Structures are given as C-alpha cells and as structure tokens.
Amino acid sequence: QVQLVESGGGLVQAGGSLRLSCAASGRTLSTYTVGWFRQAPGKEREFVTAITRSGGSTYYADSAKGRFTISRDNAKNTVYVQMNSLKPEDTAVYYCAATYGSSWPPASGYEYVAWGQGTQVTVSS
C-alpha cells in the first residue's frame, strides 16, 4: 500500500503563497491519480485539485482555479500544489490522496484509496 506524507503548510498573510508537497513511499506514485482536499473548522471536506498519472490532465475546484497549480515529479515520487493569492477562507487542513482514477473529474473522496495525515494552512487577514 502507498503511504503519503504532506508538508509545506504554515502561516501566511492574505495574498501570500505556499507550496505544499505530497511525498509517497511504499509504492510508485506514478501508478495513481493524486488529488488534494481540504477541511476547515466546522466545514465538510472539499475537493481542491487533482492530476493524472502522467500529469497530462488536471482539474480544479472553482475556488482554486486561477490561483492554485498542481504538478508532479514522478522521478521524485512527489506531487505539489502551488497556492498563490491566498485568502483567509483557504485556511484548512490540506490532505493529499491517491486513486486509480476510474472516473473524471476525480472529485469525490470516495474514489481515493490512500490518504495522508494532512498539513495545516492558516491565512491571516
């Protein structure tokens, strides 16, 4: 089974940027489509973005489109999300997850078979 570990979260002012990483071990990450989700206090988990095995296709939630960019480096077994123009409403725990990708867009959490522990992103006003 693949194991996923997120990193790169922290505290940033509104308008700033963060780059989150999702590193895999146990199995080669190129086997999977990888998605990012987030969960804010008192809110349901929501989809953010996803990328296919080769990186040929990406998909973004409306809240992330134009501000976030997902990418992957299969040689490093890592997926990234670059988050720019951050807003206070982006504050959440961010999780990466892996799926075999049987549907597109893979925006449902039920499609994913492995999850990381999460990394906290806090955006101040």
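Thresholds, definitions, all that
Residues numbered from 1 in each chain as written. Predicted model: local features only at pLDDT ≥ 70, side-chain atom pairs only at ≥ 80, totals over all residues. Heavy atoms only, no water. Disulfide = S-S within 2.5 Å. Helix = DSSP H or I, 4+ residues; strand = E, 2+ residues; numbered from the N terminus. Buried < 20%, exposed > 50% of the residue type's maximum accessible area, 1.4 Å probe, protein only. Salt bridge = Lys/Arg side-chain N within 4 Å of Asp/Glu carboxyl O. Pairing = 2+ DSSP bridges. Phe/Tyr/Trp six-rings, centres within 6.5 Å; stacked < 30°, edge-to-face > 60°. Lys NZ or Arg CZ within 6 Å of the ring centre and 35° of its normal.

Colleague: Whenever I open this one, the state of the cysteines confuses me. Can you help?
Modeller: In a disulfide, the sulfur atoms of two cysteines are held together by a covalent bond. Going through the model one piece at a time under the given rule, you end up with one disulfide. Between the sulfur atoms of C22 and its disulfide mate C96 the distance is 2.1 Å. Because the sign of the S-S torsion sets the handedness, a value of about 70° for the bond joining C22 and C96 places this disulfide among the right-handed ones. Separated by 74 residues along the polypeptide, C22 in strand β3 (residues 18-25) and C96 in strand β9 (residues 92-99) bring together distant segments of the chain. Grouping residues by exposure puts C22 and C96 together as buried.

Colleague: Teacher, can you tell me more about unusual backbone geometry here?
Modeller: Negative phi is the rule for most residues except glycine; trans is the rule for most peptide bonds. The step from W104 to P105 runs through a cis peptide bond, and the omega angle for that step is 0°. Backbone geometry at N77 places phi at a positive 60°, although glycine is not the residue there. Overall, N77 belongs to the buried group, its relative accessible area being 15%.

Colleague: Just to check I follow, could you spell out the pattern of salt bridges for this structure?
Modeller: Pairing between side chains of opposite charge can happen when their charged atoms approach one another. For the structure on display, the rule yields four salt bridges. E46 is the partner of R38 in a salt bridge, and the nearest nitrogen-oxygen pair spans 2.6 Å. Given a relative accessible area of 6%, R38 falls into the buried group. With a closest N to O distance of 2.9 Å, R38 and D90 form a salt bridge.

Colleague: Would you mind going over the pairing of strand β7 (residues 68-73) with me for this structure?
Modeller: Each regular strand displays side chains that alternate between the two surfaces of the sheet. Side chains F68, I70 and R72 of β7 all project onto a buried face; the interleaved residues T69, S71 and D73 project onto a face where none is buried. Here six bridges tie β7 to strand β8 (residues 78-83), and the two strands are oriented antiparallel to one another. By the bridge assignment, I70 is partnered in β8 with V81. Linkage of β7 to β8, two consecutive antiparallel strands, is achieved through a turn of four residues, within which N77 is found at a positive phi near 60°.

Colleague: Which parts of the structure should I look at to understand the packing of aromatic side chains?
Modeller: Two aromatic rings are characterised by how far apart their centres lie and by the angle between their planes. Applying the stated rule across the entire model yields six aromatic pairs. Note on F37 and F47: the rings are 5.5 Å apart at their centroids and 75° apart in plane angle, and the pair reads as edge-to-face. Of this pair, F37 sits in strand β4 (residues 33-39) while F47 sits in strand β5 (residues 46-51), and the two are 10 residues apart along the sequence. Measuring from ring centre to ring centre gives 5.0 Å for F37 and W115, while their planes differ by 50°; the resulting arrangement is tilted. Placement of the pair is F37 in strand β4 and W115 in strand β10 (residues 114-115), with a sequence separation of 78 residues. On the basis of relative accessible area, F37 is assigned to the buried category, the value being 1%. Residue W115 is classed as partly exposed on the basis of its relative accessible area of 29%. Through successive ring pairs, a cluster of aromatic residues spans F37, F47, Y59, Y112 and W115. Sitting over the face of the ring of Y80, R19 holds its NZ or CZ atom 3.9 Å from the ring centroid. Lying over the aromatic face of F37, R45 brings its terminal NZ or CZ to 5.7 Å of the ring centre.

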